[in-house]
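Chain by chain, the residues run as shown.
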Amino acid sequence: MRINPEDAVKLLKAGKVVAVPTETVYGLAADALSPAAVARVFEIKKRPSDNPLICHFHSRAQVKKYVRKISLFSERLMDHFSPGPVSYMLDLSEDSPLRFATCGSQQVIVRIPSHETFLEILRQFDHPVAAPSANTSGGVSPTSAAMVELDLGDQIEGVVDGGSSQVGIESSIIDARSDNEIIILRPGAVGKDEIQKFFPEIRVTEKMNNESVTPGSRYRHYAPRTPVYLIGDINELENEIKAALLLTVEQLESFPASTKLKRIKLIPLGSMKALDEVAQNFYHRLSSLDSMEIDNAFILKQHWGSSSLGKALQNRIEKIVSKR
Ligand code: TXA
Ligand code: MG
């Protein structure tokens, strides 16, 4: 069911769970201060109970009420990247009511989103909102209201339709609590290049997939129900018929007309020259695999390059693919 932002605020106040648009992916939103509402998010997503939830705020002033402090570098990064697709790891204050959302952890990951509809919901509600991506645990993050409804429609009170998510992949998660190093814990649209442009003097370390820090990285992620395999060459396709191959426009153009490729569905991911569009449409294309009459899907290996979005796409693909 589609609901308007005012309804979403009322439902959040009543301890209910609703889906909301953000510029990265849609979120499954609940009052972060309500243990019951937080528990319902875990139940709906079938999320492992040790995997904490990102908390969303409308302003830095609101963040400050719940954390020990916003570290110097987090503050400086926020000057440039917040509101926006960047999340920050911070230390909770003593007895912070966010302990339920963080599964007891002393650290919280906070984000001030830039999607105007979600920001307005956050302002009206004025409680922190716990919102993991609005998909069943392990599945593809939704980037439209329709994708949320397909997966969780019958379990939630409604979805606020805010159009297609502009970025299309989850926020970068950054630990900038130290005064001499910024650590990227999950790659996203904002990465080392963007950070070093403003802070050339500080060391930026990419510790993607660090299990001890982000519990979520231990699980298979972002994957459609259709098994997806990575192949280095189209010759690895063994007489596949009910299959799809995901590849870039450049890869598609580089093939000689091959009979092998005539029998399978070809799904272009977009051009290497426009990675922002590849990211925007990535999860929608992946989830469309589940409504095709296919048994397997393949991604043709690609060097996605060293830009932040390239690294983020590479990271998501590594987590999607199954072992053959
Ligand atoms: O773009 C995004 O960040 C989206 C939108 C809705 O804001 N949210 C999102 O949430 O991607 P989720 O739950 O799908 O991914 C959050 C990741 C998980 O891997 C989780 O383990 C990690 O962040 N995480 C959250 N809180 C944490 C904490 N307190 N300590 C360590 N890791 C945490
Ligand atoms: Mg997720």
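Here, every reference points to the structure presented above.
As a starting point, this report considers the structure included with it.

Considerations on the environment of Arg-99
Next, step 1: Structurally, the position occupied by Arg-99 is in the loop between β5 (86-91) and β6 (107-111).
Next, step 2: You can call Arg-99 partly exposed: its relative accessible area is 23%.
Next, step 3: Not counting chain neighbours up to four residues away, the residues in contact with Arg-99 comprise Leu-92, Ser-93, Gly-104, Ser-105 and Gln-106.
Next, step 4: Within the structure, the side chain of Arg-99 is placed 2.8 Å from the side chain of Gln-106, a separation counted as a polar contact.

What to know about the pattern of salt bridges
Next, step 1: With the rule as written, the count across this model stands at 17 salt bridges.
Next, step 2: Measuring nitrogen to oxygen at the nearest pair gives 2.9 Å for the salt bridge that ties Asp-175 to Arg-177.
Next, step 3: Overall, Arg-177 belongs to the partly exposed group, its relative accessible area being 28%.
Next, step 4: Through salt bridges with shared partners, a single ionic network connects Arg-60, Lys-64, Glu-75 and Asp-79.

Re the sheet that holds strand β13 (residues 243-247)
Next, step 1: Overall, parallel pairing links the four strands, which are arranged β12-β15-β13-β14 in an open sheet. Looking along the sheet, the strands with just one partner apiece sit at the ends: β12 (228-231) and β14 (265-268). Direction aside, neighbouring strands of the sheet carry axes that sit 25° apart on average.
Next, step 2: Here β13 pairs with strand β15 (residues 296-300) via four bridges, running parallel. The residue bridging Ala-244 from the neighbouring strand is Ala-297, located in β15.

Quick notes on empty space enclosed by the protein
Next, step 1: Counting across every chain of the model gives one cavity of 30 Å³ or more.
Next, step 2: Reported here for the largest cavity is a volume of approximately 50 Å³.
Next, step 3: Considering the residues around the largest cavity, the lining is formed by Ile-184, Pro-187, Gly-188, Val-190, Gly-191, Lys-192, Glu-206, Met-208, Ser-308 and Lys-311.
Next, step 4: Its residues placed into classes, the lining of the largest cavity shows four nonpolar, three polar and three charged.

A few points about the packing of helix α1 (residues 5-13) against helix α5 (residues 116-125)
The relative placement of two packed helices comes down to the angle between their axes together with the axis-to-axis distance.
Next, step 1: Interaxial distance between α1 and α5 falls to 9 Å at its minimum, and their mutual angle equals 45°. Relative to α5, the element α1 is oriented oblique. Crossing of α1 over α5 shows right-handed handedness. Contacts between α1 and α5 involve Pro-5, Ala-8, Val-9, Leu-12 and Lys-13 from the first element and Thr-117, Ile-121, Gln-124 and Phe-125 from the second.
Next, step 2: Of the residues contributing to the contact of α1 with α5, the split by class is six nonpolar, two polar and one charged.

Description of the state of the cysteines
Next, step 1: Scanning the model with the defined rule gives zero disulfides in all.
Next, step 2: Cys-55 takes part in no disulfide bond, and the closest cysteine sulfur, belonging to Cys-103, lies 10.0 Å away.
Next, step 3: Classification of Cys-103 as partly exposed rests on a relative accessible area of 32%.

Section: the packing of aromatic side chains
Next, step 1: In total, this model carries six aromatic pairs according to the counting rule given.
Next, step 2: Pairing Phe-57 with Tyr-66 gives two aromatic rings, centres 6.0 Å apart and planes at 50°, and the pair type is tilted.
Next, step 3: Ring geometry for Tyr-229 and Phe-298: centres 5.8 Å apart, planes at 35°, overall tilted. Of this pair, Tyr-229 sits in strand β12 while Phe-298 sits in strand β15, placing them 69 residues apart in sequence.
Next, step 4: On the accessibility criterion, Phe-298 (1% relative accessible area) is buried.

Side note on the packing of helix α10 (residues 275-288) against helix α11 (residues 308-320)
Next, step 1: At their nearest, the axes of α10 and α11 sit 10 Å apart, and the two run at 20° to each other. One finds that α10 runs roughly parallel with respect to α11. With respect to the hand of their crossing, α10 and α11 are arranged in left-handed fashion. Of the residues in α11, those touching α10 at Leu-275, Asp-276, Val-278, Ala-279, Phe-282, Tyr-283 and Leu-286 are Leu-309, Gly-310, Leu-313, Arg-316, Ile-317 and Ile-320.
Next, step 2: Partitioning the contact of α10 with α11 into residue classes produces ten nonpolar, one polar and two charged.

A short note on the nonpolar core
Next, step 1: Counting residues in hydrophobic clusters, the biggest one holds 48 residues, and the most contacted among them are Leu-77, Ile-156, Ile-182 and Ile-195.
Next, step 2: Those elements that place two or more of their residues in this core are β3 (27-31), α2 (35-45), α4 (72-81), β5, β6, α6 (145-152) and β10 (181-186).
Next, step 3: In terms of residues, this core owes the most to one element, α2, which gives five residues.
Next, step 4: Setting aside its immediate chain neighbours within four residues, Ile-156 contacts Val-17, Ala-19, Leu-28, Ile-44 and Val-148.
Next, step 5: Counting residues in hydrophobic clusters, the runner-up holds 29 residues, among them Val-25, Val-278, Phe-282 and Ile-294.

Parameters and conventions
- Residues numbered from 1 in each chain as written.
- Chains lettered and ligands numbered in written order.
- Predicted model: local features only at pLDDT ≥ 70, side-chain atom pairs only at ≥ 80, totals over all residues.
- Heavy atoms only, no water.
- Helix = DSSP H or I, 4+ residues; strand = E, 2+ residues; numbered from the N terminus.
- Buried < 20%, exposed > 50% of the residue type's maximum accessible area, 1.4 Å probe, protein only.
- Contact = heavy atoms within 4.5 Å.
- Polar contact = N/O pair within 3.5 Å; in protein donor to acceptor, adjacent residues only side chain to side chain.
- Salt bridge = Lys/Arg side-chain N within 4 Å of Asp/Glu carboxyl O.
- Pairing = 2+ DSSP bridges.
- Axes fitted to C-alpha atoms, helices over the stretch in contact; angles between N-to-C directions.
- 1 Å grid on protein atoms, 1.4 Å probe; cavity = no way out; pocket = protein on both sides within 12 Å on 5 of 7 lines; lining within 4 Å.
- Points joined across faces, edges and corners; volume = space filled by probe spheres on them.
- Nonpolar A, V, L, I, M, F, W, Y, C, P; charged D, E, K, R; others polar.
- Parallel < 35°, antiparallel > 145°, perpendicular 65-115°, else oblique.
- Left-handed = near helix turned anticlockwise from the far one by under 90°.
- Disulfide = S-S within 2.5 Å.
- Phe/Tyr/Trp six-rings, centres within 6.5 Å; stacked < 30°, edge-to-face > 60°.
- Core = buried A, V, L, I, M, F, W, Y, C linked by side-chain atoms within 4.5 Å.

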